[in-house]
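In case you want the letters, here they are:
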Amino acid sequence: WDAEYPTSVVNSHFIVPNSTKGLALTAAIEYAIWCNRNLKTEDQKKNMLVDELKSMLEKHLNPNNSSIAIHATLGAYIPFLFQLDKKWTLDNLPKFLNENIGEKLFLAFWDSYLYHHGRRAPPEHMLNYYAMFILRLKSYKEEYERINRMFIEQITIAYVLDSKLGNEFFESMIINFHPRFANHLIKFVGKELLSQYKQSRDLRIDFDRIKQLWEDR
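Computed from a predicted structure; not experimentally measured.

## With respect to the layout of surface pockets
Part 1 of the argument: The calculated volume of the largest pocket comes to roughly 160 Å³.
Part 2 of the argument: Taken together, the elements giving at least two residues each to the lining of the largest pocket come down to helix 3 (68-84) and helix 5 (103-117).
Part 3 of the argument: If you tally residues by element for the lining of the largest pocket, the top one is helix 3, at four residues.
Part 4 of the argument: Within the lining of the largest pocket, the residues separate by chemical class into seven nonpolar, four polar and one charged.

Structural data, given as structure tokens:
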């Protein structure tokens, strides 16, 4: 799978069940989450479990020891890592999200993250990385289209629901993205968002802006 990734049909998270490393990391994170939530023990013991997990993560974050499955697992569980240890996760975000970790690992994280969390507003602690991703939309590569579409959909949902960050990112996105992505955005708004959110009092769409996108294609 690693050699073939990214593909137009396979999400990176689907690689995890076929990977020993992916399954092991998933089990370790799930165990740390369960212990943190359910064990009635002193904080010192809970912190020891989290420290063990962090040691395991640091080992796998070494590019020479990482894989698509590892970064897909991190993308799926990043909100929970923030709950377990916010400072450590913030300090290590560059190892998840900087493009210099390698294109495949970078995309594997975003692919899985957007698959699991793409219907939520962009979190503020990932602001800089969203801005970086938007600049990637200037160019078009067919093998990245599925991931890019999920990203565009998340930003559009945040914009429609009047998320402050959604407004900022949406404007930047439509200024920067490749013209080919305008078609997907327009179809996404027309076919999915209008039907999904038509009963919501929070719905807010600048139809003039969407119309302009259509005319500028």
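## Concerning the packing of aromatic side chains
Part 1 of the argument: Under the definition given, this model contains 15 aromatic pairs.
Part 2 of the argument: Measuring from centroid to centroid gives 5.7 Å for Trp 110 and Tyr 113, while their planes differ by 85°, and the two rings are edge-to-face. With a gap of three residues between them, Trp 110 and Tyr 113 both fall in helix 5, about one helical turn apart. Considered together, Trp 110 and Tyr 113 belong to a single accessibility category, that of buried residues.

## Section: the environment of His 117
Part 1 of the argument: Checked against the element boundaries, His 117 lands in helix 5.
Part 2 of the argument: Residues His 117 and Gly 75 lie 42 residues apart in sequence; the distance between their C-alpha atoms is 9.0 Å.
Part 3 of the argument: Contact partners of His 117, with chain neighbours within four places excluded, come to Gly 75, Ala 76, Pro 79 and Gln 154.
Part 4 of the argument: In this structure the side chain of His 117 is engaged in a polar contact, spanning 2.8 Å, whose partner is the backbone oxygen of Ala 76.

## What about the environment of Arg 146?
Part 1 of the argument: Relative to the assigned elements, Arg 146 resides in helix 7 (residues 145-160).
Part 2 of the argument: Separated by 139 residues in sequence, Arg 146 and Thr 7 place their C-alpha atoms 8.4 Å apart.
Part 3 of the argument: Polar side-chain contacts of Arg 146 include one of 2.7 Å to the side chain of Asp 111.

## Observations concerning the side chain of Asn 11
Part 1 of the argument: Considering the arrangement of structural elements, one finds Asn 11 in the segment before helix 1 (20-38).
Part 2 of the argument: The buried category is assigned to Asn 11, whose relative accessible area is 4%.
Part 3 of the argument: Here His 13 takes part through its backbone nitrogen, which lies 2.7 Å from a polar atom of the side chain of Asn 11.
Part 4 of the argument: Separated by 2.8 Å, the side chains of Asn 11 and Asp 111 make a polar contact.
Part 5 of the argument: Apart from residues no more than four positions distant in its own chain, Asn 11 is found in contact with Asp 111, Ser 112, Tyr 115, Arg 146 and Met 150.

## A short note on the environment of Phe 151
Part 1 of the argument: By the element assignment, Phe 151 lies in helix 7.
Part 2 of the argument: Exposure remark for Phe 151: the relative accessible area of 0% places this residue in the buried category.
Part 3 of the argument: Measuring from C-alpha to C-alpha, the distance between Phe 151 and Tyr 130 comes to 9.0 Å, with 21 residues separating the pair along the chain.
Part 4 of the argument: When residues no more than four places from it in sequence are discounted, the contact partners of Phe 151 are Trp 110, Leu 114, Tyr 130, Phe 133, Ile 134 and Leu 137.

## Here we look at the pattern of salt bridges
Part 1 of the argument: Under the definition given, this model contains seven salt bridges.
Part 2 of the argument: Put simply, Arg 119 and Glu 153 hold a salt bridge, and the shortest N to O gap is 3.3 Å. With Arg 119 in the loop between helix 5 and helix 6 (127-136) and Glu 153 in helix 7, the pair connects residues that are 34 residues apart, well separated along the chain.
Part 3 of the argument: Judged by relative accessible area, which is 10%, Glu 153 ranks as buried.
Part 4 of the argument: One continuous salt-bridge network, built from bridges that share partners, spans Glu 99, Glu 103 and Arg 136.

## A closer look at helix 4 (residues 86-97)
Part 1 of the argument: The end-to-end C-alpha separation of helix 4 is 16 Å, in line with the 16 Å expected for twelve residues at 1.5 Å each.
Part 2 of the argument: Along helix 4, the residues that are buried comprise Trp 88, Thr 89, Asn 92, Leu 93, Phe 96 and Leu 97. Taken around the axis of helix 4, the buried residues stretch over an arc of 160°, which confines them to a single face.

## A word on the confidence of the model for the chain
Part 1 of the argument: Averaged over all residues, the pLDDT of the chain equals 81, while 81% of them reach at least 70.
Part 2 of the argument: Per-element confidence in the chain ranges from a low mean pLDDT of 59 for helix 10 (residues 207-216) to a high of 93 for helix 5.

Parameters at a glance
Residues numbered from 1 in each chain as written. Predicted model: local features only at pLDDT ≥ 70, side-chain atom pairs only at ≥ 80, totals over all residues. Heavy atoms only, no water. 1 Å grid on protein atoms, 1.4 Å probe; cavity = no way out; pocket = protein on both sides within 12 Å on 5 of 7 lines; lining within 4 Å. Points joined across faces, edges and corners; volume = space filled by probe spheres on them. Helix = DSSP H or I, 4+ residues; strand = E, 2+ residues; numbered from the N terminus. Nonpolar A, V, L, I, M, F, W, Y, C, P; charged D, E, K, R; others polar. Phe/Tyr/Trp six-rings, centres within 6.5 Å; stacked < 30°, edge-to-face > 60°. Buried < 20%, exposed > 50% of the residue type's maximum accessible area, 1.4 Å probe, protein only. Contact = heavy atoms within 4.5 Å. Polar contact = N/O pair within 3.5 Å; in protein donor to acceptor, adjacent residues only side chain to side chain. Salt bridge = Lys/Arg side-chain N within 4 Å of Asp/Glu carboxyl O. Expected span 1.5 Å × (residues − 1). Arc of directions from axis to C-beta. pLDDT = per-residue confidence, 0-100.

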